[in-house]
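What the coordinates show
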Amino acid sequence: MANRKFIGLLGLALGIGLLLYPKDGAAEWYADAYAGAVWTANTDLTVASSLGTTTTYQNLDIHNSWTAGGRGGYWLDKEKMDWLGFGLDVFFFHLKTPPGQQVGVTGTGGTTTQFAHWSLPAWGIGFDVLRLRLPLLRDKEFVHGRVQPYLAAGPTVFITYAGQNSFVQPGGQHSTDASVGVKVDAGATIMVTKRIGAFAQYRFTHFTTELEYQNTTPALATELFKTTYDTHHVIAGLSLRF
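Below, the structure is looked at part by part. The shown structure was predicted, so the numbers you read here are calculated from the model rather than taken from an experiment. (Residues numbered from 1 in each chain as written. Predicted model: local features only at pLDDT ≥ 70, side-chain atom pairs only at ≥ 80, totals over all residues. Heavy atoms only, no water.)

With respect to the side chain of Thr67
Looking at the element boundaries, Thr67 is found in strand S4 (residues 65–76). In contact with Thr67, not counting residues within four places along its chain, are Ala35, Gly36, Ala37, Val38, Phe91, Phe92, Phe93, His233 and Ile235. (Helix = DSSP H or I, 4+ residues; strand = E, 2+ residues; numbered from the N terminus. Contact = heavy atoms within 4.5 Å.)

Structural data, given as structure tokens:
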């Protein structure tokens, strides 16, 4: 299912890009690299078993972390349409609880307290099907503006990997998930030269992971680990235009 969603999104993004790309090739291409800080809201981890039971690890505290990535695409180059663009964004961040964290656990036996360690490296592949900018301070050298506030949004494929997380998942297993979420960016680029700019921005990401494991306690069962992540990113980087 995840593979079909990914292929469908990729086809949609490529189709939109081909429709928007001008036939005369009038486009301003960009390539950006960036890094920054990440804050993720506390979340619940729900484990649904094929035996019919559900266990919830409540209010997992996610460590503040870092992010890095790169993106590329183009802005339409004609003056009356140069506020519109399209792009592809690839980035990494880490969803990890602090060591020794104790959380409330609810299930068929009531509510208890338990240690929980949860670590998910996450890759995002974002399709900026809506990318808008406001060209400010135009002149002969900076025809698209020296200052360019921008907004970007679109569907994003999040790929997460869970290695051996203590006290939570069955021993000796790992799992990978690809899910479709959303990414929204808001920032501003200042062009230092005609070809080089610096930018800073805020990013919000939202997605849900569903990781599957096989457990033998108390009986053979398939368990689905489901978590939703709302993450705030503050990033800065360099932009090349050509």
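Section: the pattern of salt bridges
Tallied over the full model, the rule gives twelve salt bridges. Two residues, Asp185 and Arg203, come together in a salt bridge whose shortest N-O distance is 2.7 Å. Taken as a pair, Asp185 in strand S10 (residues 175–191) and Arg203 in strand S11 (residues 196–215) lie far apart in primary sequence, 18 residues in all. Neither residue differs from the other here; Asp185 and Arg203 are each classed as buried. Through salt bridges that share partners, Asp32, Arg71, Asp89, Asp128, Arg131, Lys183, Asp185 and Arg203 make up one connected network. (Salt bridge = Lys/Arg side-chain N within 4 Å of Asp/Glu carboxyl O. Buried < 20%, exposed > 50% of the residue type's maximum accessible area, 1.4 Å probe, protein only.)

As for the nonpolar core
Counting residues in hydrophobic clusters, the biggest one holds 28 residues, and the most contacted among them are Tyr57, Leu60, Phe93, Leu95 and Trp118. Per-element accounting of this core gives the leading share, four residues, to S11. Not counting residues within four places of it along the chain, the set of residues in contact with Leu95 comprises Thr40, Ile62, Trp118, Ser119, Leu120, Ala122, Phe207, Tyr229 and Thr231. (Core = buried A, V, L, I, M, F, W, Y, C linked by side-chain atoms within 4.5 Å.)

Quick look at the side chain of Arg133
By the secondary structure assignment, Arg133 is in strand S8 (residues 119–133). Its relative accessible area of 5% is what places Arg133 among the buried residues. One polar contact links the side chain of Arg133 to the main-chain carbonyl oxygen of Asp82, over a distance of 2.6 Å. A polar side-chain atom of Arg133 sits 3.1 Å from a polar atom in the side chain of Gln148. Residues contacting Arg133, with those up to four places away along its chain left out, are Glu28, Trp75, Leu76, Asp82, Trp83, His144, Gln148, Pro149, Tyr150 and Arg241. (Polar contact = N/O pair within 3.5 Å; in protein donor to acceptor, adjacent residues only side chain to side chain.)

A short note on a nonpolar patch on the surface
A contiguous nonpolar patch, built from Trp29, Ile196, Leu240 and Phe242 and spanning about 390 Å² of accessible area, is present on the exposed surface. Among the structural elements, Phe242 can be located in the segment after strand S12 (221–241). (Patch = residues over 30% accessible without salt bridge, like charges linked within 9 Å, V, L, I, M, F, W, Y side chains within 5 Å. Areas by Shrake-Rupley, 256 points an atom, 1.4 Å probe, with all protein chains shown as cover.)

Some remarks on the environment of Gly52
Among the structural elements, Gly52 can be located in the loop between strand S2 (43–49) and strand S3 (54–60). With relative accessibility at 64%, the residue Gly52 sits in the exposed group. Gly52 sits 169 residues away from Ala221 along the chain, and the two C-alpha atoms are 9.6 Å apart.

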